[in-house]
Amino acid sequence: MWAATEGGVVEINLPSKSMVTYNPNDGLGGVDVSFVCKIDGKIIGCGYDWASIKEQGKWKKMPIPGEGDVDAWEVDTNLLCARNGNVYELSENHIWKPVGKYSHPPNTRVFLAGDGNKRYVVTSGKLIQLAPGLMAKHFVLPGKVAPLAVCLKDGEINIATDGGLLTRSKGKWALHPLPPGNTGDYIACLSSSEAGILAGTLNGNIYNFTGKTWKKLMSDNSSITFVGGNNEFFYWGTNIGEIYCMNGGVLEEFVEKGQPGDNNIKAIAFYNNRLYAATFENGVYILENEHWGKLNEACSPWIRNMAVYDDLLWLRDADGKLYNYDGNSMKTYILKPSWCSYISVVDDRLLVAGYGGISIFDGAAWEKIYKIGPLKGRVVTSALIDNGSIFMGTGKKGLFHIYDSDGNVHCEPIFIPDTWITCLERVQDKIYVGTFNGGLYSIQESNMPNPARVPVKAEHINCLLADKKDGLWIGSREGLLYINGDETYHLTVSDGLPDNEIQAMLLSDGGIWLATRKGLCFMYY
């Protein structure tokens, strides 16, 4: 089985459930793959403006006529693509030839569907049936709905909309809403099967539509990105890189071999000489003797932060609960306010953030810093103790500096253009500030409180980590970056990363562990 992912084309061996990922290092035309298919025994991977074919073990790029992004891909007897108002077909000798024209309003999606006999282009409010000789028949969709997905079933077009499934039979249209109880959900992908039409939804539901009724087949916690199958089994993929198969009532999961859980790693920590990895929704895994085992102690499956302090592993989950683990048992830790948004260890103290401030534990007692004027009711996303003062980053409310002066506690805002602060780190006399969508900033002690933009090739900063060489590692959605004076690096999937989004980092002997949406990796440096 083959899969199109944001990290390349993935080949999946079904019996062994092992995976091989192909990216530009292997000759693929790009990283972000939007479509993959198999024609005449040859694999073709497609991106937003490129197509590559795998022949004799090597990938070969096939230039597409025109410029700009490809609007849609489809395969019937051959590969089709829609680009700049033209539909092209890939011939047997790998040459693109025009087969039809279309037009659509700007900034609207385009879909292709075909079975060799009928070919359709679907755009906002319009259905175009392509005919031989570049001719086209135009039909107005009822209600001028915006399509979300399309497929053919028995030669008839089926269109997913935000109102349900729009079907066409014998020239007549019918709209079939999703079953009751699905308010706010909509169909994200469609596929025809022997039993009917398979539909995957934004909220993680999979249905089969028989022509009159809906049958719920499965419910997942993640958005469904593709679905396909027949009477005996069906596959589906999710927006966090998981691939599943339901075969005869037995659920099988296909993830990259040698990785913990669902591969989407949100936090990592060393505890008792073992590596712990928290996954997106599958709990915490432990690496021991090169094998991953699941931590089965009573704990949330959605751990988002981990920190080691006072011979305990501290864990925070997505619901704001705080736990600690002593290697044998897990305990829920009650702290007021009980909702926890962030934990870390700074200067041999444990920081626990919540609404309006933080609590600091020095191993003997807790000191609470809450309800400080401007911070009241605001979610603290990061904190840093610096020479007796405290920097606090908040979600959508900016950065604050808290310090004592003349016997009074002062809380001053520091202006950062993006007010969603994601992380803080100190390197020598600078405080570095990462933001959700505004890049990286630094604050010099001698120039407090004026921040300066750090010129790195990343806007979405997830995590920061100082090393022992006075360098700064930067985990972002655009890859891994490093700065140390004039020394800079920028690494992405083309350099071997599992994914461009770095979600957590951990220094180790000889290198650094990197947690990504598609698995862990260790980089020597």
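Position labels on residues start from 1 in each chain and follow its written sequence. It should be noted that, the model being predicted, local features are given only for residues of pLDDT at least 70 and side-chain atom pairs only at 80 or more, the latter also being counted only at that level, while totals for whole chains, interfaces and linings use all residues. Excluded from the side-chain calculations are hydrogens and water; all other atoms, namely the structure's heavy atoms, are used.

Colleague: Which residues make up the pattern of salt bridges, and what values do they have?
Modeller: The rule for a salt bridge is simple: a side-chain nitrogen of Lys or Arg has to be within 4 Å of a carboxyl oxygen of Asp or Glu. Scanning the entire structure with this criterion turns up 11 salt bridges. Between Lys-42 and Glu-55 there is a salt bridge; the shortest N-O distance is 3.0 Å. Here Lys-42 is found in strand β5 (residues 42–46), whereas its partner Glu-55 is found in strand β6 (residues 51–55), with 13 residues between them in sequence. Between buried and exposed lies partly exposed: a residue is buried under 20% and exposed over 50% of the maximum accessible area for its type, with that area taken using a 1.4 Å probe on protein chains only. Exposure remark for Lys-42: the relative accessible area of 30% places this residue in the partly exposed category. Residue class for Glu-55 comes out partly exposed when judged on its relative accessible area of 23%. When the shortest N-O distance is used, the salt bridge between Arg-517 and Glu-501 registers 3.5 Å. Strands are runs of DSSP state E lasting at least 2 residues, helices are runs of H or I lasting at least 4, and numbering of each runs from the N terminus.

Colleague: Give a detailed account of the nonpolar core, specifying residues and quantitative values.
Modeller: Formed by 27 residues in total, the largest nonpolar core has its most connected members in Ile-358, Ile-390, Phe-391, Met-392 and Leu-399. At four residues, strand β40 (residues 380–386) tops the list of elements feeding residues into this core. Any two residues having at least one pair of non-hydrogen atoms within 4.5 Å are treated as being in contact. Once residues lying within four places of it in the same chain are set aside, the contact partners of Phe-391 are Ser-382, Ala-383, Leu-384, Asp-386, Leu-399, Phe-400, His-401, Ile-414, Leu-424, Ile-431, Ile-443 and Met-448. Within the second largest apolar cluster, 16 residues are counted, among which are Cys-37, Val-70, Cys-81 and Trp-96. Think of a nonpolar core as a cluster: buried Ala, Val, Leu, Ile, Met, Phe, Trp, Tyr and Cys residues, connected wherever their side-chain atoms sit within 4.5 Å.

Colleague: I'd like a rundown of the packing of aromatic side chains, residues and numbers included.
Modeller: Each pair of aromatic rings taken from Phe, Tyr and Trp, with Trp reduced to its six-membered ring, is defined by centres within 6.5 Å and is described as stacked if the planes are under 30 degrees apart, edge-to-face if over 60, and tilted in the remaining cases. By the definition in use, this model includes 22 aromatic pairs. Measuring from centroid to centroid gives 5.8 Å for Tyr-207 and Trp-214, while their planes differ by 75°, and the two rings are edge-to-face. Their ring planes at 50° and their centres at 4.8 Å tell us that Phe-209 and Trp-214 sit as a pair that is tilted. Classification of Phe-209 by relative accessible area gives buried; the value is 2%. What links up through ring pairs into an aromatic cluster is the set Tyr-309, Trp-314, Tyr-333, Phe-361 and Trp-366. Two conditions define a charge sitting above a ring: the NZ of Lys or the CZ of Arg must be within 6 Å of the ring centre, and it must be within 35 degrees of the ring normal. When the ring centre of Phe-139 is taken as reference, the NZ or CZ atom of Arg-168 above it lies at 4.8 Å. In this structure, Arg-304 is placed above the aromatic ring of Phe-280, and the distance from its NZ or CZ to the ring centre is 5.0 Å.

Colleague: Go over the pairing of strand β29 (residues 274–279) with me, naming the residues and quoting the values.
Modeller: Where burial is concerned, most of β29 is hidden: six out of the six residues are buried. Of the two faces of β29, the one holding Arg-274, Tyr-276 and Ala-278 and the one holding Leu-275, Ala-277 and Thr-279 are both buried throughout. Only when DSSP finds a minimum of two bridges between them are two strands counted as paired. In textbook terms, the turn of a hairpin is the stretch between consecutive antiparallel strands, and for strand β28 (residues 265–271) and β29 this stretch comprises two residues, one of which, Asn-272, has a positive phi near 55°. Pairing of β29 with strand β30 (residues 284–288) involves four bridges; the strand directions are antiparallel. Considered in β30, the bridge of Ala-278 is made with Val-284. Remark: four residues form the turn of the hairpin made by β29 and β30, two consecutive strands paired antiparallel; Gly-283 in that turn has positive phi of roughly 90°.

Colleague: A description of the side chain of Lys-153 should follow, citing residues and the corresponding values.
Modeller: With respect to the element layout, Lys-153 can be found in strand β16 (residues 149–153). The charge count treats Lys and Arg as positive and Asp and Glu as negative. His and the chain ends do not count. Summary of buried charges: Lys-153 has no salt-bridge partner, and the nearest side chain of opposite charge, Asp-154, is 4.3 Å away. Polar contacts, as used here, are pairs of N or O atoms within 3.5 Å; protein pairs need one atom able to donate a hydrogen and one able to accept it. Residues neighboring in sequence count only if both atoms are side-chain atoms. Polar side-chain contacts of Lys-153 include one of 2.6 Å to the backbone oxygen of Ser-193. Residue contacts for Lys-153: discarding those within four places in its chain leaves Asn-158, Ser-192, Ser-193, Glu-194, Gly-196 and Ile-197.

Colleague: So what about the environment of Pro-498? Which residues, and what values?
Modeller: Relative to the helices and strands, Pro-498 resides in the loop between β51 (487–491) and β52 (502–508). You can call Pro-498 partly exposed: its relative accessible area is 22%. For the pair Pro-498 and Cys-151, spaced 347 residues apart in sequence, the C-alpha to C-alpha distance is 32 Å.

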